[in-house]
Amino acid sequence: MSVADYYAEAKDNWRILLLTVFLLVSAAAIAPGANSETPTALQFGLELSGGTQVRAPLEGKTATGLDFSGVDDVTAFEESVAGELGVPATAVQARPGSGAFEVYDENVSDGAIASALQANGQDVAAADVEGRVTEQTYDTAKRVIETKLAESPDFSGGTVSIQRTPTGDLFLKVEVPGATRDEVLELLNERGLVRVVATFPDQRGNETVVRNVTLFTQDDLQSDVVREDSEGNPYVPVTLTEEAAQNFSQAMRTFGYAEQDGTVCNFEADPENPGYCLVTWKDGQFVSAHGLHPDLSRSFRNDEFGRAFRMNTESIEEARDIRVALQAGALPTDIAIQEGDNLFIESEFAQQFKLFSLITGIVAALAVAAVVFVRYREPRVAAPMVATALAEVFILLGFAASVGLALDLSHIAGFIAVIGTGVDDLVIIADEVLNRGDVKTRRVFQNRFRKAFWVIGVAAITTIIAMAPLTVLSLGDLTGFALVTIVGVLIGVLVTRPAYGDILRALMTQLE
């Protein structure tokens, strides 16, 4: 054959070539990496790998319909309202863009929130306070938890999503394969609020009192990897923002740290007489307390302090926790675990589910193949039909691997549904082509194929329209089922059904 003949053959069967390309790309996506310990690159969700799922709302309340046009300093406004409510400034958040004000404390009443806002010039009533936080807060919480999961090697593969119910309520859904319920709940119950406090004696008249002044929080810090000094003591090297560094240096001079050649800290041994300490706290829990190194004291005294700083800890584990908290940031509010639900699946059960899912898929494929062969009794028609249906499933697996879709039982149900609907469409093609007399020419085949494909296309559009709402509504497993079904229908209509038509044409027609 000449080059022109090969070109004409390829042009005539381009749909089969397209199917081949999709199969090769899918094979590459499913194949494991060079250093992978698993037989494929497919990922599996909780039901097929084991792990924990937690679904819960965030704690807090939101006053809506506010007017911030007269507020010049939003931070000062937040601090003033927080003072009226008797909560720390970190427990409130103003949203000028949406006219909302959030309070991350369930113990504060709606009336108290309204009164505090009224005292700061807002026209608001208790009825304007909703018992939930804004979507922006959920977005922040999602980002923080995703970072925590990514930074923690024990939680690799974990996913976080925001679910909205038909009534408009929002929930955080966290899935962590291979993790126990206690491990995940411990991660979620930690807000990750890190702050460094100057604790020092202060002479007030004839009385000496211990003062505690917050120097900076994680918002002022950029962290690096965990390290150890020459004596094996762990620490987290951090870089302060320009403003935080200036405030830190000024505070060290004002509070007397810089006047000494290094400071002695006795915080753990004698909290009533701690000396001059820098104390690190995380979520209100003590982490470590240390004095200043002489070199650091001199840098403050000579106004030579840069922006680098060490956060000392007592153990490597504490240092890693601090680093994760600094990298992820703090959760804006607590997660109301008690108002949600959680699920834990043992890995042994998950492996059984995976095996049974494989067996179910094989049985479904064999059953469909048997019915097709009994129906047509013609291998030239039935064999390509079954092979095309299986190719569709293989391409769908390649899609799942390429986008990192974690397969669960709902997705397996979608795969089985794709096998059924795919063969159903192929049967429509075969019946339309074969049951109306012999196919003698390509023109006759194409006319019959177009009529069958029109029916298939309308059915595909109907299926997609019916399934589309399930992909955006928070309906649990139905979302995964709908997603796989829609993608399977698109692959079938755009790739596998046309390719089967070309295969059937080549086997059943006599070319003009």
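Predicted model, so just to flag it, every value in this text is computed and none were measured.

Let us now look at the overall build of the protein. Broken down by element type, the protein carries 15 helices and 18 strands. Against the compact-globule benchmark of 24 Å for 512 residues, the protein has a radius of gyration of 32 Å, which places it well outside the compact range. Along the first, second and third principal axes, the C-alpha atoms of the protein reach 110 × 60 × 45 Å. Considering the protein as a whole, with its 512 residues, one finds that 43% of them fall into the buried category. Long-range contacts, defined as pairs at least 24 residues apart, comprise 70% of the intrachain contacts of the protein with a sequence gap of at least 6. Accessible area for the protein stands at about 25900 Å²; split by element, carbon and sulfur atoms hold 54% of it. Each charge class in the protein was averaged separately, 38 positive and 69 negative side chains, and the resulting centres sit 14 Å apart.

Summed over the entire model, instances satisfying the criterion amount to 18 salt bridges. In this structure, R55 and D341 form a salt bridge, with 3.6 Å as the shortest nitrogen-oxygen distance. In this pair, R55 sits in strand β2 (residues 51-56) while D341 sits in strand β17 (residues 341-345), placing the two residues 286 residues apart along the sequence. R132 is paired through a salt bridge with E130; the nearest N and O atoms lie 3.6 Å apart. For R132, a relative accessible area of 33% gives the class partly exposed.

Before going further, it helps to spend a moment on the packing of aromatic side chains. Summed over the entire model, instances satisfying the criterion amount to 12 aromatic pairs. Ring geometry for F77 and F101: centres 5.8 Å apart, planes at 85 degrees, overall edge-to-face. Taken together, the positions of F77 in helix α4 (residues 74-85) and F101 in strand β5 (residues 100-103) put the pair 24 residues apart, joining distant regions of the chain. For the residue pair F77 and F101, the accessibility class agrees, reading buried in each case. Judged by centre distance (6.0 Å) and plane angle (75 degrees), the rings of F200 and Y257 are edge-to-face.

Among the nonpolar cores identified, the biggest contains 30 residues, and L215, F248, M252, L278 and M311 are the most heavily contacted of them. Sorting the residues of this core by element identifies β9 (194-204), β10 (207-217), β13 (234-240), α8 (242-254), β16 (308-312) and α10 (316-328) as the ones contributing at least two each. Element by element, the count of residues in this core is highest for α8, at 5 residues. Excluding its chain neighbours within four sequence positions, the residues that come into contact with M252 are A198, L215, Y257, A258, L278, L292 and F300.

What follows concerns the sheet that holds β10. Spatially, the 4 strands line up as an open sheet ordered β10-β9-β14-β15, and their pairing is antiparallel. Whereas interior strands pair on both sides, the edge strands pair on one side only; in this sheet they are β10 and β15 (285-290). Strand-to-strand twist in this sheet, taken as the mean axis angle between neighbours without regard to direction, amounts to 30 degrees.

Let us look at helix α7 (residues 181-189). Within the sequence span of α7, burial applies to V184, L185, L187 and L188. Angular distribution of buried residues about the axis of α7 spans 160 degrees; they occupy a single face of the element. For α7, the exposed residues set more than 90 degrees away from the buried face come down to D182 and E186. Packing partners of the buried residues in α7 comprise β2, α6 (135-151) and β8 (170-177).

Turning our attention to the sheet that holds β2. Spatial strand order, β7-β8-β2-β17: 4 strands in an open sheet with antiparallel pairing. At either end of the open sheet lies a strand with only one pairing partner, and these are β7 (159-164) and β17. In this sheet, adjacent strand axes meet at a mean angle of 15 degrees when their direction is disregarded. Bridge count for β2 against β17 is 5 bridges, and the pairing is antiparallel. Among the inter-strand pairings, R55 is bridged to a residue of β17, identified as D341. In the packing of α7 onto the sheet, the strands contacted are β2, β8 and β17, and the crossing angle to β2 comes to about 40 degrees.

Take R55: its relative accessible area is 19%, and that puts it in the buried class. Within the structure, R55 has its side chain in polar contact with the side chain of Q163 (distance 2.8 Å). Not counting residues within four places of it along the chain, the set of residues in contact with R55 comprises Q163, T165, F171, L172, K173, G340 and D341.

Our next topic: the packing of α6 against α10. Relative to each other, α6 and α10 sit at 140 degrees, their axes nearing to 8 Å. If you check the angle between α6 and α10, you find them oblique. By crossing handedness, the relation of α6 to α10 is classed as right-handed. Two secondary-structure elements touch here, α6 through R143, V144, T147, K148 and E151 and α10 through R323, V324, Q327 and A328. Split into classes, the residues belonging to the contact of α6 with α10 amount to 3 nonpolar, 2 polar and 4 charged.

Taken together, the side chains of D154, D182, E183, E186, E317 and D321 present a region of like negative charge at the surface. Of all the secondary structure elements, the ones that give two or more residues to the negative patch are α7 and α10. Inspection of the secondary structure puts D182 in helix α7. With a relative accessible area of 60%, D182 lands in the exposed category.

Another aspect to go through is the side chain of E392. Position of E392 among the secondary structure elements: in helix α12 (residues 379-403). You can call E392 buried: its relative accessible area is 2%. Apart from the residues within four sequence positions on either side, E392 is in contact with V418, G422, G488, I491, G492, T496 and R497.

Calculation notes
Residues numbered from 1 in each chain as written. Predicted model: local features only at pLDDT ≥ 70, side-chain atom pairs only at ≥ 80, totals over all residues. Heavy atoms only, no water. Helix = DSSP H or I, 4+ residues; strand = E, 2+ residues; numbered from the N terminus. Rg over C-alpha atoms; globule rule 2.2 N^0.38 Å. Buried < 20%, exposed > 50% of the residue type's maximum accessible area, 1.4 Å probe, protein only. Contact = heavy atoms within 4.5 Å. Areas by Shrake-Rupley, 256 points an atom, 1.4 Å probe, with all protein chains shown as cover. Lys, Arg positive; Asp, Glu negative; His and termini not counted. Charge placed at Lys NZ, Arg CZ, Asp CG, Glu CD. Salt bridge = Lys/Arg side-chain N within 4 Å of Asp/Glu carboxyl O. Phe/Tyr/Trp six-rings, centres within 6.5 Å; stacked < 30°, edge-to-face > 60°. Core = buried A, V, L, I, M, F, W, Y, C linked by side-chain atoms within 4.5 Å. Pairing = 2+ DSSP bridges. Axes fitted to C-alpha atoms, helices over the stretch in contact; angles between N-to-C directions. Arc of directions from axis to C-beta. Polar contact = N/O pair within 3.5 Å; in protein donor to acceptor, adjacent residues only side chain to side chain. Parallel < 35°, antiparallel > 145°, perpendicular 65-115°, else oblique. Left-handed = near helix turned anticlockwise from the far one by under 90°. Nonpolar A, V, L, I, M, F, W, Y, C, P; charged D, E, K, R; others polar. Patch = residues over 30% accessible without salt bridge, like charges linked within 9 Å, V, L, I, M, F, W, Y side chains within 5 Å.

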